[in-house]
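Each chain, written out:
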Amino acid sequence: MKFTLSWLKDHLDTDASLEAILDGLTVIGLEVEGVEDRAAPLAPFRIARVVTAEQHPDADRLRVLTVDAGAGAVVQVVCGAPNARAGLVGVFAAPGTHIPGTGVDLAIGTIRGVESRGMMLSEREMGLSDAHEGIVDLPDDAPVGTPYVEWAKLDDPVIEIGVTPNRADCLGVRGVARDLAAAGLGALKPLYDDKVPAAHDGNLPPAVDLETADPAYCPAFALRLIEGVKNGPSPEWMKRRLTAIGLRPINRLVDVTNYLTYDLNRPLHVFDADKVSGALTVRQAAEGETFEALDGRTYTLDPSMVVIADANGVESLAGVMGGEASGSSEATTRVLVESALWDPINIARTGRTLGINSDARHRFERGVDPAFAEPGLEIATRLILELCGGTPGPTVTVGQVPDATRVIAFPPTEIKRLSGLDVTEDAAAETLAALGFTVDRSATPWQVTTPSWRADVEGKADLVEEVVRIVGIDDVAPTPLPRLAPVAPKVLTTLQSRVATARRALAARGMVEAVTWSFVSKPDAEAFGGGGAALALANPIAEALSDMRPSLLPGLVRAVTRNVNRGHADLALFEVGQVFAGDEPEDQTTSAAGVRQGRNRPAGVGRHWSHAGAAADVFDAKADILAALAAIGGPADRVEVTRDAPSHYHPGRSGTLRLGPKVLGHFGELHPALLAEMDAPERLVGFELTLEAVPEPRRKATKKPALSASDLMPVRRDFAFIVTEATDARALVKAAKGSRKDLITDVTVFDVYRGQGVPEGHKSVAIEVTLQPVDRTLTDEDIETVSQALVDAVAKATGATLRG
Amino acid sequence: MDVAPTPLPDDLAALEADINAAVDAAGDEAALEAVRVAALGKKGSVSEKMKTLGRMSPDERKTMGPALNGLKARIGDAIAARRETLAAEALTRRLAAETVDVTLEPQLGGTVDGRIHPISQVMDELVAIFADLGFTIAEGPDIETDDLNFTKLNFPEGHPARDMHDTFFLPERADGTRRLLRTHTSPVQIRTMLRQKPPIRIIAPGRTYRCDSDQTHTPMFHQVEGLVIDEQAHVGHLKWVLTEFCKAFFEVEDAAMRFRPSFFPFTEPSYEVDIRCRRSADGIELGTGDDWLEILGSGMVHPNVLRNCGLDPDVYQGFAWGMGIDRIAMLKYGMPDLRAFFEADVRWLGHYGFGPLDRPSLAGGLSR
């Protein structure tokens, strides 16, 4: 919402400085978004008369002027403008001034041997417009020596405020003035809205029929005919104000409607009465009905939209935009002025559907003052008569202007209760009264009647806001929030703790955390187990961001690929975030996933003198997922690993982590065909762990069981078994461990060998077994017995034979 | 009683000289051991001489005994000394052989290479601060219902405030409703009030979505919501909580704040909150200067919202606020461009990211 300072002062009698007004606006909730002081850059330029104009001796297109800028002596100026002539009154820039349109600091110069001590300016050079055909040519009576901005009345700052959707009343300058007056920044001037009597009763407007299915679409419609008007360009003062706020002056009749829209928040429409045929009907549009609007575009309407139609068809899109056919022109002599009320929601929907953002829509959808529809029409009539002459007919209103006031029971103690502000009852009542509320303090609680223009004020809390807003939020003292408990309760849920811990654990393994979009492309969603219709956005912002992600991996693979394409070969990225299996809250789970590319392994990144520099492999991914699982308190030692995984993994180099029937996650090399499809690097390993699938600890173990540490030396023995390739190492280890649970405390695989001495299709798996004696040292015989039991158990479970 | 050393017979002197020469010549432990065995072993040259003592007359023994014992002791000492010398030489050789070039760079691995994204770091900072103020952390799903994202938050159907949210929608469901991606974290307020009786003190950090994309807007961003509901909480408490938060988060002594009346459908009164700042060519410095920077929106929870959650607004009251996590991260840590947060460029992450062990705590100073 824009207005100028002088415009504001039409409504506000104030001595306050511009600064005080700007501060006041922001403090009361009308945030100042900008102040444009058009005068400041033009302040040095004065009105000057060209006394003589001679041809430049050495340049055909230049003239040598002598200029009287009111400073006594004339100055010599070399000028190239075609319209430079003796007697012309224009705008003079003295040496040393800054020319806003060109950004140049003017100096005394010599042009083709002739000294030039200043410049006559074009509009473009002053930054006022793009006009540069010649220098500014002012009326002869413009006072020489006067600052140009003063004469042109440009010394009127343009103020732009942000108006929140609840404050429709401040979409008019008068509403802003009322708020400032209430805040002590002046007095609200009275508004002259007396009725303009009809010249005679003969010139009635056409009949208006309200035919909408829902009467709320148009509660009231006021119309007036004015005959004998003379249209034409608006006077300078009106053009100046409209231009200042960014509107294009068109003609007096149209400008009056625009002016009153901003001045009093009363959108109006004018029809050329001679172009209206028969009665007017306010009705819903027919399906497919078309309408050529004042913006020159043709819109196709539907029955949800309300129109004003005559015998020729749709003449206006109600409350949004008038029609081209019945618009006013310079030739208009009989004008119909409309002031109506429309349903905010219907207007909003129509504007949104058709993509029309007009000043009228903006105001009607936020809600105008219904009680002002008729006074607004009187004011419009008076202004039209003033500018265009003519004879007004009577105002005809159909429908019923609704009573928009509301009575709120308001105990003044609410102010302190909700805001903490200490304010006297007198001050609170005065503040409300200044804003237009009627306060009945004789009742308990107070009965406060809202003004018709404040539909946003619905209850006690709104009245508290009004008082605090005007009295000053700065008077509310910060008050420490009392503690609920001496020691804070458990702040994070188990899941939230796990998220934070998983991040730190994965980063501590050298991975870099990424935050990627929650949406991926449909092909990516499909490739990673998603892509269903329920999770495809109805209005995606881009094709690559169309579906809610089923997995974190596609985003990470894309991210790795972008980095590789930038020349970063060895990468490890992870993300901990939400993935979606459906649109219900329980379908959203939290995944911790990571991807490694190239020589990026937990020990370090890149080629290094200390090792062979192998690329990250499936076991790095397995280590990552198990480390993350262990870090969040999961049963990393009990988890089962099976040789299966979703189809986005390499079938021979991937696995699934299970706990009983529950799947905790997957790891492995990603499927090479999929990577090729995604233009990703050839080999990537990754993992994904579902944090919710990891069981919560049954209860908090604040006390640990006593440590049992034997004084007897443990004994270690090595065994090598030959098994088929298909045999799981894990099964072998499990069988070995289970063969003597009382003595065997650990079994680790320390070598896997294929080649000489091992039959084709087989492998040799070497294990180290740790035996912990319980009550006495083990004899050779004891160890022999245990070894035999172990070999038998492994053979039985896996078909293994001891390697000779 | 001092006894003058018995002079050795010539043959013994020659033997001693031979053995000493052999000891000196022994180049390693094994050679020295051979010399020892040859001299002092069971059949060693000295041992053989010792055996002759038994056949001697007492007088002869009186002189030869001490002579031979002295000889044996001296040779033993010489061998021990030689052994020490050899060990020292061997150690010196080993140390020389084991020398490496310690100027070579090792690999530091995980805790040095890994990075935490600034958004996660800032979320951890928020948790540390609000945990200290007695808040717990609440969460809600990204895919929300219209009811929880708008209606229960007092956004009337068709109200322009809904339009301003640029909402992403999911397809229409069988029942004619459609889910949406939450446009703010405020639905978590509703979920919390529906689930939990006051007193309530929560913050709710999370992802939010609006279909908007330009220099300063991304279709996905992060917000944190705060909610306090009890029977007393008023605007004064709101001012205190937000001031304390800003001081702690931005790590400044003074966080002068300006509360500007504003409008949000779900709060009444509503305030936008600015923090004092100084703008210069180097960027924005917070907590000082004479300019203001908007950082969050806040207000008293609207009576309709309380009612929608089954709370009587004449009994319960409280306040809520919401702010952009990405935005306060940019302000605190100086990233110039929001879009880079989601591009996963390892150069950016390496530069703006945090070490895995830099876990924020108030005890340790939030950001070291």
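Bear in mind the structure is a predicted one, so any value in this text is a computation, not a measurement.

### Thoughts on the overall build of chain B
Across its full length, chain B holds 13 helices and 11 strands. Taking 2.2 N^0.38 as the reference for a compact globule, 368 residues should give roughly 21 Å; the C-alpha atoms of chain B span a radius of gyration of 43 Å, well beyond that estimate. With respect to the three principal axes, the spread of C-alpha positions in chain B is 130 × 55 × 45 Å. Relative to its full complement of 368 residues, chain B shows a buried share of 42%. Pairs at least 24 residues apart make up 65% of the contacts formed inside chain B by residues separated by at least 6 positions.

### Overview of the overall build of chain A
A tally of regular secondary structure across chain A gives 19 helices and 44 strands. Taking the principal axes of the C-alpha coordinates as reference, chain A spans close to 130 × 85 × 60 Å. Classification of the 804 residues of chain A by burial places 44% in the buried group. For chain A, contacts bridging at least 24 residues in sequence account for 69% of all contacts bridging at least 6.

### Digging into the domain arrangement of chain B
Splitting chain B by domain gives domain 1 (10–97) and domain 2 (117–352). Centre-to-centre, using C-alpha coordinates, domain 1 of chain B lies 91 Å away from domain 2 of chain B.

### A word on the UniProt feature "domain: FDX-ACB" (unreviewed entry) in chain A
UniProt marks residues 710–803 of chain A with the feature "domain: FDX-ACB" (unreviewed entry), using the numbering shown here. For residues 710–803 of chain A, helix accounts for 32% and strand for 34%, while the C-alpha atoms at its two ends are 32 Å apart.

### With respect to the interface of chain B and chain A
Counting residues at the interface gives 69 residues for chain B, matched by 80 residues for chain A. Class assignment for the residues of the side of chain B that touches chain A results in 37 nonpolar, 19 polar and 13 charged.

### Digging into the packing of helix α6 (residues 118–132) of chain B against helix α12 (residues 325–333) of chain B
All names here are of chain B. Running from N to C, α6 and α12 point in directions that differ by 95°, and their axes come no closer than 10 Å. Judged on the interaxial angle alone, α12 and α6 are roughly perpendicular. Residues P118, I119, V122 and M123 of α6 form the contact with α12, whose participating residues are I325, D326, I328, A329 and Y333. Looking at the contact of α6 with α12 residue by residue, the class counts come to eight nonpolar, no polar and one charged.

### A closer look at the UniProt feature "binding site: Mg(2+)" (unreviewed entry) in chain B
According to UniProt, the positions carrying the feature "binding site: Mg(2+)" (unreviewed entry) are E268 of chain B. Structurally, E268 of chain B can be placed in strand β8 (residues 267–280). Aside from chain neighbours lying at most four places away, what touches E268 of chain B is A461, D462 and E465 of chain A together with G299, M300 and H302 of chain B.

### A look at helix α4 (residues 173–182) of chain A
All names here are of chain A. For α4, a buried count of nine out of 10 residues is recorded, marking the element as mostly surrounded by other parts of the structure. Every buried residue of α4 is listed here: V173, R174, G175, V176, A177, R178, D179, L180 and A182. Where α4 terminates, the next one or two residues include G184, which has phi positive at roughly 85°.

### Considerations on the UniProt feature "domain: TRNA-binding" (unreviewed entry) in chain A
When the UniProt feature table is mapped onto this chain numbering, "domain: TRNA-binding" (unreviewed entry) sits at residues 39–149 of chain A. Segment residues 39–149 of chain A splits into 2% helix and 34% strand. End C-alpha atoms: 6 Å apart.

### Remarks on the environment of G145 of chain A
Relative to the helices and strands, G145 of chain A is located in the loop between β12 (119–120) and α3 (148–151). For G145 of chain A, the contacting residues outside a window of four places in its chain are R46, I47, A69 and G70 of chain A.

### Remarks on helix α15 (residues 553–565) of chain A
All names here are of chain A. The end-to-end C-alpha distance of α15 is 18 Å, a good match for the 18 Å that 13 residues give at a rise of 1.5 Å each. Buried within α15 we find L553, P554, G555, L556, V557, R558, A559, V560 and N563. Looking one or two residues beyond α15, the residue adopting positive phi is G567, at roughly 100°.

### A look at the pairing of strand β24 (residues 335–340) of chain A
Residue and element names in this part refer to chain A. Where burial is concerned, most of β24 is hidden: six out of the six residues are buried. Side chains of β24 alternate between two faces, with V335, V337 and S339 and L336, E338 and A340 buried alike. Direction of pairing for strand β16 (residues 220–227) relative to β24: antiparallel, over a ladder of six bridges. When the sheet's bridge partners are listed, A222 is paired in β24 with S339.

### Here we look at the nonpolar core
Soluble, globular proteins show a tendency: their nonpolar side chains are buried together. All names here are of chain A. Core analysis: the biggest nonpolar cluster contains 165 residues, and V307 and I384 have the highest contact counts within it. Take this core: its biggest share by element is eight residues, from helix α9 (residues 373–388). In this view, I384 contacts I226, V229, L253, V256, V337 and G390; residues no more than four positions away in its chain are not counted.

### Some words on the sheet that holds β12 of chain A
Strand order across the open sheet formed by five strands is β6-β5-β4-β7-β12 (chain A), with antiparallel pairing between neighbours. Each edge of the open sheet is held by one strand with a lone partner, namely β6 (75–79) and β12 of chain A.

### Things to note about the pairing of β6 of chain A
Every other side chain in a regular strand lies on the same face of the sheet, so the side chains alternate between the two faces. All names here are of chain A. Of all the five residues making up β6, four are buried; the element is thus mostly covered by neighbouring parts of the structure. Bridging between strand β5 (residues 63–68) and β6 involves five bridges; their strand directions are antiparallel. Across the sheet, residue R63 finds its bridge partner in β6, namely C79. Hairpin connection between β5 and β6: a loop of six residues separates the two successive antiparallel strands, and G70 in this loop has a positive phi of roughly 85°.

### A word on unusual backbone geometry
Residues T444 of chain A and P445 of chain A are joined by a peptide bond in cis, for which omega reads -10°. With respect to the element layout, P445 of chain A can be found in the loop between β28 (438–440) and β29 (446–449). In this structure, N265 of chain A is a non-glycine residue whose phi angle is positive, near 55°. Structurally, the position occupied by N265 of chain A is in the loop between α6 (252–264) and β17 (269–272). Residue class for N265 of chain A comes out buried when judged on the 26 C-beta atoms lying within 10 Å of it. One non-glycine residue, N154 of chain B, lies in the positive phi region at around 70°. Residue N154 of chain B is classed as buried on the basis of its 22 C-beta neighbours within 10 Å.

### Here we look at the sheet that holds strand β22 (residues 313–317) of chain A
Residues and elements named next belong to chain A. Taken in spatial order, the five strands make up an open sheet running β15-β18-β21-β22-β23, and their pairing is mixed. Both outer strands of the open sheet, β15 (208–210) and β23 (321–322), are each paired with one neighbouring strand and no more. In terms of strand pairing, β22 meets β23 through two bridges, oriented antiparallel. Looking across to β23, one finds that L317 is bridged to M321.

### Looking at the domain arrangement of chain A
Residues and elements named next belong to chain A. Assigned domains within chain A: domain 1 (2–38 + 157–188), domain 2 (40–151), domain 3 (208–399), domain 4 (407–475), domain 5 (494–693) and domain 6 (715–802). Centre-to-centre, using C-alpha coordinates, domain 1 lies 27 Å away from domain 3. Taken together, the contact pairs 13 residues of domain 1 with 13 residues of domain 3. Of all the secondary structure elements, the ones that give two or more residues to the side of domain 1 that touches domain 3 are β1 (2–4) and α4. Residues that form the side of domain 1 that touches domain 3 fall into these classes: seven nonpolar, three polar and three charged.

### Focus on the packing of helix α2 (residues 29–40) of chain B against helix α4 (residues 58–97) of chain B
Residues and elements named next belong to chain B. At a minimum axis distance of 10 Å, the contact between α2 and α4 shows a crossing angle of 175°. When the interaxial angle is binned, α2 and α4 end up roughly antiparallel. Listed contacts from α4 to E29, L32, V35, R36, A39 and L40 of α2 are K72, I75, G76, I79, R82, R83 and L86. Each residue belonging to the contact of α2 with α4 can be placed in one class, and the counts come to seven nonpolar, one polar and five charged.

### Details of the confidence of the model for chain B
Here chain B shows a mean pLDDT of 90. Residues at 70 or above account for 96%. In the predicted complex, the global pTM is 0.85; the interface-specific ipTM is 0.88.

The rules behind these values
- Residues numbered from 1 in each chain as written.
- Chains lettered and ligands numbered in written order.
- Predicted model: local features only at pLDDT ≥ 70, side-chain atom pairs only at ≥ 80, totals over all residues.
- Helix = DSSP H or I, 4+ residues; strand = E, 2+ residues; numbered from the N terminus.
- Rg over C-alpha atoms; globule rule 2.2 N^0.38 Å.
- Buried ≥ 20, exposed ≤ 12 C-beta atoms within 10 Å, placed from the backbone.
- Contact = placed C-beta atoms within 7 Å.
- Domains from an automatic or database assignment.
- UniProt positions renumbered as here; feature names shortened; annotations may be inferred.
- Nonpolar A, V, L, I, M, F, W, Y, C, P; charged D, E, K, R; others polar.
- Axes fitted to C-alpha atoms, helices over the stretch in contact; angles between N-to-C directions.
- Parallel < 35°, antiparallel > 145°, perpendicular 65-115°, else oblique.
- Expected span 1.5 Å × (residues − 1).
- Pairing = 2+ DSSP bridges.
- Core = buried A, V, L, I, M, F, W, Y, C linked by C-beta atoms within 7 Å.
- pLDDT = per-residue confidence, 0-100.

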